[in-house]
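As a plain string of letters, each chain reads:
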Amino acid sequence: MHRILAWLRARADNVAVGLLTVMFISFIVQILSRYVLNAPVDWTLELCLTTWLWVVFWEAAFLLDDRDHIRFDLLYVMAGHRMRRALALLAALAIVVAFLVSLPATWGYISFEKIRHSDTLHIRLDYVFSIYGIFMLATIARYGLRIWRLARGGKIEAPVVEEAP
Amino acid sequence: MSVSFALCFVALFVLAGMGAPIALSMIGAAIVYLVVSGQDLSLAGEQIIQGLYGSFVILAVPLFIIAGNLMNAGTVSERLLAFCNAIVGRFRGGLGHVNVVVNIILSGMSGSAVADAAAIGKVIIEMMTKDGRYPAGYAAAITAAAATIGPIIPPSIPMVLYSLISDASIGYLFLGGVVPGLLMGLVLMLLNARAARTRNFPVEAPVPLRQVPRVTARAFPALLMPVILLYGIYGGVTTPTEGAALAAGYALLLAGPIYRALGWRGLYNVLSSSARQTASIGIVIGGALIFNYIVAAENIPAHMAAYLEGLHLNPLAFLIVVNLILLFLGCLLDASTIILVVLPLFIPSCRALGIDLVYFGVVAVVNCMIGLITPPYGVVLFVINGITGIPLSTIIREIWPFIGMLIVALILMILFPEIVLWLPQQFGYKGTVG
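First, a word on scope: everything that follows refers to the structure included in this document. Keep in mind it's a predicted model, so treat the numbers as computed, not measured. Counting restarts for each chain: residues are numbered from 1 in the order of the written sequence. Labels are handed out in written order, letters beginning with A for the chains and numbers beginning with 1 for the ligands. Selection of residues for local features in this predicted model requires a pLDDT of at least 70, selection of side-chain atom pairs for listing and counting requires 80 or more, and totals for whole chains, interfaces and linings are taken over all residues. Side-chain measures were taken over the full set of non-hydrogen atoms in the model, leaving aside hydrogen atoms and water.

Residues and elements named next belong to chain B. Here a cavity denotes a set of grid points, spaced 1 Å apart and computed over the protein atoms alone, in which a 1.4 Å probe fits but from which it cannot get out, and a pocket denotes an open set meeting protein on both sides within 12 Å along at least five of seven lines; residues with an atom within 4 Å of a point are reported as lining. Grid points are joined across faces, edges and corners, and a volume is the space filled by probe spheres set on the points. In total, this model carries one cavity of 30 Å³ or more according to the counting rule given. For the largest cavity, the calculated volume is near 40 Å³. Looking at the lining of the largest cavity, the elements that each hand over two or more residues are helix H14 (300-310) and helix H16 (335-353). Residues that form the lining of the largest cavity fall into these classes: five nonpolar, one polar and one charged. Helix numbers and strand numbers start at the N terminus; a helix is a DSSP run of H or I with at least 4 residues, a strand a run of E with at least 2. Nonpolar residues are Ala, Val, Leu, Ile, Met, Phe, Trp, Tyr, Cys and Pro. Charged residues are Asp, Glu, Lys and Arg, and all others, Gly as well, are polar.

Have a look at this one:
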C-alpha cells in the first residue's frame, strides 16, 4: 500500500514539475518573441495562467502536506497529545463538511462554463477550471481519511516546529 | 457587521486556531458566510478560480520562487559570500558585516527572506561560530535580521502581493524599497560594529589584495543579476512579471552552463520544491481573494474608514496605530497572510487620509518583514533553527537588539516619507505624502 502511494506521489510530482516547466518555458518564449524577434505571440500568456492555476490546485490536491501549508499552529504546538488529536479531528471534520456542502454548487458552476472557451487557445473553460473540482474532491478524500485514521486511534502528525536539541 | 460576517470571522479564527491550513480555513469560513447569508455556494470557488486565472501580476510570484531556488542550488550565494568577505571581512566584527552586505546583494536577486536565510544561513553561521569566534545565538540572530532585507530591496514577493491588493504600481513599489533596504542594512551594521567593540569579536585575517580580482571575477556573473533585472524593469524594457521570468532564466544560465553547479537531477528537484512553495502561497492568495470579496461585499473597509475618520486621526497617528497593530500581528501570523488579508482593510482609510499607497506599502512590508523574526511566530527564526540546529531560545535571546534597530529604521521611514519616495520620484512618480 505504502509503495503504491509513494509511486503515485512521485508521478503527481512529475506532473507538477511538468506544469511549472511549461509555464516557465512559455514565459521565456513570450519574452524572446516580443523583445528579440519583435513578433509577439499571444498564446503564451494564456498558457502561463492556465498552468499556474493547475500547479496551485494540483499541488494542493495531491502533494501539499500540512507542513508545506502556511498555518497558524501556535496553539496546536502548545497543546498536549490528547488535545492535539481533538483539534486535528475537529479541523478535519469542519473542512470536510464545508467542502462537501459547497461541492454540488461549485461543480455546477464549473460545468456551466462549458459554454465558454478561453480567449486564444479556445479550450473549453470547464476543462480549464475542472482542477478546482479535483482539488475539492481530493481535499474531502484526504481529510476524510484523516478523520477515519484519527477516530480509530491512529497516530497524529508531530507538530511542524520543534526546537532542535 | 452582519451576523453572517461575524460567523465567518469566528469560523476563520477557530479553524485556523485549531491548526488547519490558513488557506483551507479561509475557504471554509467563506462557505460558512455564503450558507448563512443565503448566497450561491459556488461563489467561493468562482472568486478563487477567476481571481487566480485572471491576474497576470501574480505570475511574478512563482517565477521569483524559481529564480531564488535556482540561485541557491547554483553556488551563487557561496561566490557572493567569498566576494563580500574579501571586501568587508577585514574590519572588527567583519563576518557580521559580511553577513549584512551579502544579504543586501542577495536581496537584489531574490524576493524572499526565507529563501535568503536558507541560502546563506548555514554557511555563514558555520563560518562565524567556527572556533567559538562568535556566539551561536549572535550569529543566528544577525543572519535572521539581515535576511529581512531580502524582500525590501527589489525584487520582492511580498510587494507583488501588496500591489495585487492595493493596485499600487509594482515598479514604483520596488523602487521605493531600495533606500529603506539600504537603511536597514546600515542600522544592522552599526549595531554589529558596536557589539564587535563591546563584546570583543575577532578581526579576520584580511584576504590578500591580489586575491580580490579573482574572487570578484568568480562572483561577477552573479553580481550582474540585479543590474540586468533593474535595467529590464526600469529601462522600460520589460514588465516586472517578465523581469521575474528573466531573473529565473538568468539564474538557470548561471547555475547550469556558467557555474556548472546544477545537473538535470538537481534542476528537477529545484522545480519540484518551487512547485510546492508556489502552491502553498498560491492557495493562500486564492483564499484571500474570496475573503477580500466578502470583506468588500460587507462594506467593511468603508465602515472602518468612517470609524477612523470619526476618531479624527491625522495621517501620522493613523500610521502609528496601523504599524503597532501590524507589529503585534507579525508576532503571530505569517507575512503573506497579513499582507493579503489584513492590509486590504486599511487601504480605503489610507486613500481617505491622503496617504500615498506606495509609501504605505513599503512601510507595511518592512513592518511585516520584521514580523518574520519576532517570536513566538517568526518563520525566518524557524528556518535558521531548522538548518543549523541552534535552539530557538538561544536565537531569541540575541534577536531583540536587532529587532529594536529595525524598528528604529521603520520609525525613521514613517517620520520621513522621503526615505521611501525619493527614488520613485526621481523616476517620475507623482505621489507625495500629506
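After presenting the structure, the write-up continues.
Turning next to the side chain of Ser280(B). Relative to the helices and strands, Ser280(B) resides in helix H13 (residues 264-297). In this analysis, two residues are considered to be in contact whenever any of their non-hydrogen atoms come within 4.5 Å of each other. Those residues within four positions of Ser280(B) in sequence are excluded, and the remaining contacts are Leu64(A), Asp68(A), His69(A) and Ile70(A).

This part takes up the state of the cysteines. All names here are of chain B. Criterion for a disulfide: a pair of cysteine sulfur atoms at a distance within 2.5 Å. The full count for this structure, using the stated rule, is zero disulfides over all chains. Here cysteine 368 is not cross-linked by a disulfide; its sulfur's nearest cysteine counterpart is in cysteine 331, at 12 Å. For every residue, the accessible area obtained with a 1.4 Å probe (protein chains only) is divided by the maximum for its type, and the residue is called buried under 20%, exposed over 50%, and partly exposed between those limits. By relative accessible area, which is 2% here, cysteine 368 ends up buried.

Our focus in this paragraph is a nonpolar patch on the surface. The patch calculation keeps residues exceeding 30% relative accessible area without a salt bridge and links them within 9 Å when they carry like charges or within 5 Å when they are nonpolar (Val, Leu, Ile, Met, Phe, Trp, Tyr). All accessible areas in this document rest on Shrake-Rupley with a 1.4 Å probe, and a residue is counted as covered only by the protein chains that are shown. Salt bridges are counted wherever a side-chain nitrogen of Lys or Arg sits within 4 Å of a carboxyl oxygen of Asp or Glu. On the surface, Leu90(A), Leu93(A), Val97(A), Val101(A), Val3(B), Leu7(B), Val35(B) and Val36(B) cluster together into a nonpolar patch covering about 660 Å² of accessible area. Of all the secondary-structure elements, those providing two or more residues to the nonpolar patch are helix H4 (81-112) of chain A together with helix H1 (3-17) and helix H2 (22-36) of chain B. Broken down by element, the nonpolar patch gets its largest block of residues, four residues, from H4(A).

Before going further, it helps to examine the interface of chain B and chain A. The interface is formed by 66 residues belonging to chain B together with 68 residues belonging to chain A. When chain B packs against chain A, the two sides together hide about 5700 Å² of surface, and 75% of this comes from carbon and sulfur. Buried area: the accessible area, evaluated with a 1.4 Å probe, that two parts lose upon being put together, summed over both parts. Summed over the three residues of chain B that lose the most area to chain A, namely Met18(B), Tyr53(B) and Arg276(B), the buried surface amounts to 14% of that side. In this structure, the connection of chain B to chain A is made through three salt bridges. For Glu59(A), the salt bridge is made with Arg276(B), and the minimal N-O distance between the two is 3.0 Å. Two N or O atoms count as a polar contact when they lie within 3.5 Å, although within protein this holds only if one can serve as hydrogen donor and the other as acceptor, and sequence-adjacent residues are included solely when both atoms are side-chain atoms. Summed over the shared surface of chain B and chain A, the result is eleven residue pairs in polar contact (both at pLDDT 80 or more). A total of 13 residues in the side of chain B that touches chain A trace back to one element, the largest contributor, which is H13(B). Tallied by class, the residues present in the side of chain B that touches chain A amount to 40 nonpolar, 21 polar and five charged.

Bringing the packing of aromatic side chains into the picture now. Residues and elements named next belong to chain B. Between the rings of Phe, Tyr and Trp (Trp by its six-membered ring), a pair exists once the centres lie within 6.5 Å; its type follows the angle of the planes, with under 30 degrees stacked, over 60 edge-to-face, and the other angles tilted. Tallied over the entire structure, the rule returns 17 aromatic pairs over all chains. With a centroid separation of 4.7 Å and an interplanar angle of 50°, the aromatic rings of tyrosine 172 and tyrosine 429 are classed as tilted. One end of the pair, tyrosine 172, is in helix H10 (residues 170-198); the other, tyrosine 429, is in the segment after helix H20 (418-426), and 257 residues separate them in sequence. By relative accessible area, tyrosine 172 is classed as partly exposed at 24%. Over a ring means this: the NZ of a Lys or the CZ of an Arg is within 6 Å of the ring centre and within 35 degrees of the ring normal. Above the plane of the ring of tyrosine 259 lies arginine 79, whose end atom (NZ or CZ) is 3.5 Å from the centre.

Residues and elements named next belong to chain A. Applying the stated criterion to the full structure yields ten salt bridges over all chains. Arginine 9 serves as the salt-bridge partner of aspartate 65, at 3.4 Å between the closest nitrogen and oxygen. Taken together, the positions of aspartate 65 in the loop between helix H2 (43-62) and helix H3 (74-78) and arginine 9 in helix H1 (residues 2-36) put the pair 56 residues apart, joining distant regions of the chain. A residue is classified by how much of its surface remains accessible, and arginine 9, at 31% relative accessible area, is partly exposed. The closest approach of N and O atoms between arginine 142 and aspartate 65, which form a salt bridge, is 3.3 Å. Here arginine 142 is found in helix H5 (residues 125-151), whereas its partner aspartate 65 is found in the loop between H2 and H3, with 77 residues between them in sequence. The partly exposed category is assigned to arginine 142, whose relative accessible area is 31%. A cluster of three or more residues bridged by salt bridges with shared partners is formed by Arg9, Asp65 and Arg142.

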